[in-house]
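Structural features, examined
Chain residues, written in single-letter form:
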Amino acid sequence: MPRRRKRRLLVPEAEPKMEKLQMKLLNESMGIHASNREEMKVEVAKQLGIPYNQQGNKEMKAKDAGKMGGAMGGQLVKELVQMSLESLSRKH
């Protein structure tokens, strides 16, 4: 049975702001108009041509899940790194 990892933030209270930032970035970069996480997944899947079922995705290929996760998480990571670099440069 495959192991599922649930990544958690060190500061759980930051979850809503992180999700809001991720939606903002994806809305801007992919031209989608999602207002919540589930809509975001559906829109990303559509743009990538990946079949997505809101009731469950047991049939989804790992390759497709990776494409979706990469598209969604990649934008967030890039922005967080950029924000950190800017913060560090302001301190020096």
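Concerning the pattern of salt bridges
The tally for this structure, following the rule as stated, stands at two salt bridges. As a salt-bridge pair, Lys24 and Glu28 come within 3.6 Å of each other at their nearest N and O atoms. With Lys24 and Glu28 both in helix α1 (residues 15–30) and four residues apart, this pair spans about one turn of that helix. You can call Glu28 exposed: its relative accessible area is 55%. The closest approach of N and O atoms between Glu43 and Lys46, which form a salt bridge, is 3.6 Å. On the criterion of helical spacing, the pair formed by Glu43 and Lys46 is a turn pair, its members being three residues apart in helix α2 (residues 37–48). Residue class for Glu43 comes out partly exposed when judged on its relative accessible area of 26%. Overall, the relative accessible area of 57% leaves Lys46 in the exposed class.

Concerning a nonpolar patch on the surface
A cluster of nonpolar residues, Val77, Val81, Leu85 and Leu88, forms a patch on the protein surface that exposes about 360 Å² of accessible area. Note that Val77 resides in helix α3 (residues 62–91).

Some thoughts on the packing of α2 against α3
Any two packed helices are characterised by the angle at which their axes cross and by the distance between the axes. Contact geometry of α2 with α3 gives a least axis separation of 10 Å together with a crossing angle of 115°. Between α2 and α3 lies a crossing of right-handed hand. In this structure, α2 uses Arg37, Met40, Lys41, Val44, Ala45 and Leu48 to contact α3, whose residues at the interface are Lys67, Met68, Ala71 and Met72. Taken together, the residues of the contact of α2 with α3 sort by class into seven nonpolar, no polar and three charged.

Digging into the nonpolar core
Nonpolar side chains in soluble globular proteins tend to be buried together. Listed in full, the 12 residues of the largest apolar core are Met23, Leu26, Met30, Ile32, Ala34, Met40, Val44, Ala45, Ile50, Met68, Ala71 and Met72. Looking at this core, the elements that each hand over two or more residues are α1, α2 and α3. If sequence neighbours within four positions are ignored, Ile50 has contacts with Ala45, Met60, Asp64, Lys67 and Met68.

How each quantity is defined
- Residues numbered from 1 in each chain as written.
- Predicted model: local features only at pLDDT ≥ 70, side-chain atom pairs only at ≥ 80, totals over all residues.
- Heavy atoms only, no water.
- Salt bridge = Lys/Arg side-chain N within 4 Å of Asp/Glu carboxyl O.
- Helix = DSSP H or I, 4+ residues; strand = E, 2+ residues; numbered from the N terminus.
- Buried < 20%, exposed > 50% of the residue type's maximum accessible area, 1.4 Å probe, protein only.
- Patch = residues over 30% accessible without salt bridge, like charges linked within 9 Å, V, L, I, M, F, W, Y side chains within 5 Å.
- Areas by Shrake-Rupley, 256 points an atom, 1.4 Å probe, with all protein chains shown as cover.
- Axes fitted to C-alpha atoms, helices over the stretch in contact; angles between N-to-C directions.
- Left-handed = near helix turned anticlockwise from the far one by under 90°.
- Contact = heavy atoms within 4.5 Å.
- Nonpolar A, V, L, I, M, F, W, Y, C, P; charged D, E, K, R; others polar.
- Core = buried A, V, L, I, M, F, W, Y, C linked by side-chain atoms within 4.5 Å.

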